[in-house]
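Take a look at the letters that make up each chain.
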Amino acid sequence: MKKVFIMTASTGGGHNRAAKAIAEELEKRTFNGENIKCYIKDSFKLVNQAMDKVISEGYEMSAKYTPKAYGTAYSLSDKKFFSFNEYKSNPISLLMARKFKKLIKEEQPDLIIGTHAFPLIALSRLKKGARGENLETEFEEFVEKSGDIKYEFPPLISVLTDYTAHSTYLQEEIDYYICGDEYVKELLIEDGISPNRVKPFGIPVEKSFLESRPRDIVLQELGLNPSKKTVLLMGGSFGAGNIKGTLDDIATIDRDFQILVITGRNKSLQKTLESRVSEYDTDINIKIIGFTNIMNDILPAIDLLVTKPGGLTTTEALLKEVPMIIPYFIPGQEEENLDFLTNCGVAIRTTNKFSIKSVIKVLIDNPERIERMKGNIKLIKKLNSAENIAKLSMEIFENCEVDYSNTFSRRSVLDIIEDVPLLTK
């Protein structure tokens, strides 16, 4: 039975969703008459719960409350010096490498797929060590140096979950890169990645997401009128962005339409908006809901999406052919996602001069512009990303058999410590 590790991390929803989509598609298949088993591993949780909590919650807090600081850190870490030096040698990578070494030695996977950069940095260190190459001093315990024997290592696939290519993803040991679009492929090629190692399959989304119920039924269930234009306002899974100020502006537009607001897991924001809406002097029907698991139904039922440009959110909008308006974003990868979306003509970025009020008015008054944006979406949306990743995995199984007979044969200090029985009182 072929065994696949899918390494993810809970920094935003896109990494985990992509991992689930890939696992779902792979486990539908068999190889040589046997099932394929996928194991989704949250990389930070593997190290310890405290690290996972600090990093995952730290990402959410910085994205919501200190986005400029996050953007500065993102830009600095995107420098190639940091990619090829600092990030490969930091303590987190070392801790991950130790956990991954033990896991790979015990489970012996045939393929490893990563939907986050950090675990792939650690895995790349292990793979380089497997070839007997010298590593930084702190990583020397992972280097095989027993004569001419070099142990084998499972192939690595890196899945980029944004429409950009951060330098931390650039690792020489990655066998294939999966990216969201041909534009992103060119970015990777410009950064020195061989073209035949880059597959612009799109960002993976579960097959079930592509299904949806009739628009009229969905809008009626939400308390909305199917005959009216519908604008959806949201800010990702944790309700980031200036949703309050944006709703204030949209609610003053003198057009016949309705608004749906999704606040995600941000219950405080939901309560604030519900109180705020009660004080509006408007005839616009405004519905506010929290977290929902029917985005597959909601997106095709609306006309315009006002949101921040997260990788998962924008991918889902593209798959459902929903034009986007972007009034806010987290500096960093979301700003680069926004560049991609506007360059492709599938989203409009608002500014002080081109306010969200004027943009929505023009689109409602000129529906042919909405249709033009939908036409542009048709040119770039990719429906079969997870399926194509599964096909690539099958090709790897055909062409690559990992021989674990010599893997990690050199005993390190870490192995010796793990063999010492715990002292009991």
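The structure displayed is predicted, hence computed values, not measured ones. (Residues numbered from 1 in each chain as written. Predicted model: local features only at pLDDT ≥ 70, side-chain atom pairs only at ≥ 80, totals over all residues. Heavy atoms only, no water.)

## Side note on the packing of aromatic side chains
Move 1: According to the stated counting rule, one finds four aromatic pairs in the structure shown.
Move 2: On the numbers, 6.1 Å between centres and 85 degrees between planes, the contact of phenylalanine 5 with tyrosine 39 is edge-to-face. On the criterion of sequence distance, the pair formed by phenylalanine 5 in strand β1 (residues 2–8) and tyrosine 39 in strand β3 (residues 34–42) is long-range, its members being 34 residues apart.
Move 3: For tyrosine 39, a relative accessible area of 26% translates into the label partly exposed.
Move 4: A ring pair is formed by tyrosine 183 and phenylalanine 340, whose centres lie 6.4 Å apart and whose planes are at 80 degrees; its orientation type is edge-to-face. Residue tyrosine 183 is located in helix α8 (residues 182–190), and its partner phenylalanine 340 is located in helix α14 (residues 333–343); the two are separated by 157 residues in the primary sequence.
Move 5: Note on phenylalanine 340: relative accessible area 6%, which makes it buried.
Move 6: An aromatic cluster of three or more residues is present, and its members are Tyr163, Tyr183 and Phe340.
Move 7: Of note, arginine 265 hangs over the ring of phenylalanine 291, and the distance from its end group to the ring centre comes to 4.1 Å.
Move 8: In this structure, lysine 320 packs its charged tip against the face of phenylalanine 209, placed 5.0 Å from the ring centre. (Phe/Tyr/Trp six-rings, centres within 6.5 Å; stacked < 30°, edge-to-face > 60°. Helix = DSSP H or I, 4+ residues; strand = E, 2+ residues; numbered from the N terminus. Buried < 20%, exposed > 50% of the residue type's maximum accessible area, 1.4 Å probe, protein only. Lys NZ or Arg CZ within 6 Å of the ring centre and 35° of its normal.)

## Let's talk about the pairing of strand β4 (residues 111–114)
Move 1: Residue alternation in β4 divides its side chains into two sets, Leu111 and Ile113 and Ile112 and Gly114, and both sets are buried.
Move 2: Of the strand pairs in this sheet, β1 and β4 are connected by four bridges, and their pairing is parallel. Bridge pairing in β4 links valine 4 to leucine 111.
Move 3: One ladder, built from three bridges, connects β4 with strand β5 (residues 156–159); its direction is parallel. Looking at β5, one finds that isoleucine 112 is bridged to leucine 156. (Pairing = 2+ DSSP bridges.)

## A closer look at the nonpolar core
Move 1: Counting residues in hydrophobic clusters, the biggest one holds 65 residues, and the most contacted among them are Leu123, Leu188, Leu232, Ile298, Leu305 and Met324.
Move 2: Broken down by element, this core gets its largest block of residues, six residues, from helix α7 (residues 117–130).
Move 3: With near-sequence residues (within four places) excluded, leucine 232 lies in contact with Leu260, Ile262, Met295, Ile298, Leu299, Ile302, Leu304, Leu305 and Val306. (Core = buried A, V, L, I, M, F, W, Y, C linked by side-chain atoms within 4.5 Å. Contact = heavy atoms within 4.5 Å.)

## Some words on the confidence of the model for the protein
Move 1: Averaged over every residue, the pLDDT of the protein is 85; residues scoring 70 or more account for 79%.
Move 2: The low-confidence segment residues 81–86, where pLDDT is below 50, has ten contacts with residues more than four positions distant or belonging to other chains.
Move 3: A low-confidence stretch, residues 410–425 (pLDDT under 50), is modelled with 16 contacts involving residues beyond four sequence positions or located in other chains. (pLDDT = per-residue confidence, 0-100.)

## Side note on the packing of helix α10 (residues 243–250) against helix α11 (residues 267–277)
Move 1: It is at 11 Å that the axes of α10 and α11 come closest, and there the two elements cross at 25 degrees. As far as their axial angle goes, α11 and α10 are roughly parallel. In this structure, α10 crosses over α11, and the sense of that crossing is right-handed. On α11, the residues that touch Ile243, Lys244, Leu247 and Asp248 of α10 are Leu269, Thr272, Leu273, Arg276 and Val277.
Move 2: Taken together, the residues that form the contact of α10 with α11 break down as five nonpolar, one polar and three charged. (Axes fitted to C-alpha atoms, helices over the stretch in contact; angles between N-to-C directions. Parallel < 35°, antiparallel > 145°, perpendicular 65-115°, else oblique. Left-handed = near helix turned anticlockwise from the far one by under 90°. Nonpolar A, V, L, I, M, F, W, Y, C, P; charged D, E, K, R; others polar.)

## Let's talk about unusual backbone geometry
Move 1: Notably, asparagine 32 is not glycine yet its phi reads approximately 55 degrees, a positive angle.
Move 2: Inspection of the secondary structure puts asparagine 32 in the loop between β2 (30–31) and β3.
Move 3: A relative accessible area of 68% places asparagine 32 in the exposed class.
Move 4: The residue glutamine 108 is not glycine, and still its phi comes out positive at about 50 degrees.

## Points about the pattern of salt bridges
Pairing of side chains with opposite charge becomes possible as their charged atoms draw close.
Move 1: On inspection of all chains with the given rule, the structure shows 25 salt bridges.
Move 2: Here lysine 3 makes a salt bridge to glutamate 107, at a shortest N to O gap of 3.5 Å. Note that lysine 3 is positioned in strand β1 and glutamate 107 in helix α6 (residues 91–107), a separation of 104 residues in sequence.
Move 3: With relative accessibility at 16%, the residue lysine 3 sits in the buried group.
Move 4: Classification of glutamate 107 by relative accessible area gives partly exposed; the value is 31%.
Move 5: The partner of lysine 228 in a salt bridge is aspartate 256, and the shortest N-O contact between them spans 3.0 Å. Separated by 28 residues along the polypeptide, lysine 228 in the loop between α9 (215–221) and β8 (229–234) and aspartate 256 in the loop between α10 and β9 (257–262) bring together distant segments of the chain.
Move 6: Judged by its relative accessible area of 54%, aspartate 256 is exposed.
Move 7: Several salt bridges converge on common partners, so that one network encompasses Asp254, Arg255, Lys361 and Asp365. (Salt bridge = Lys/Arg side-chain N within 4 Å of Asp/Glu carboxyl O.)

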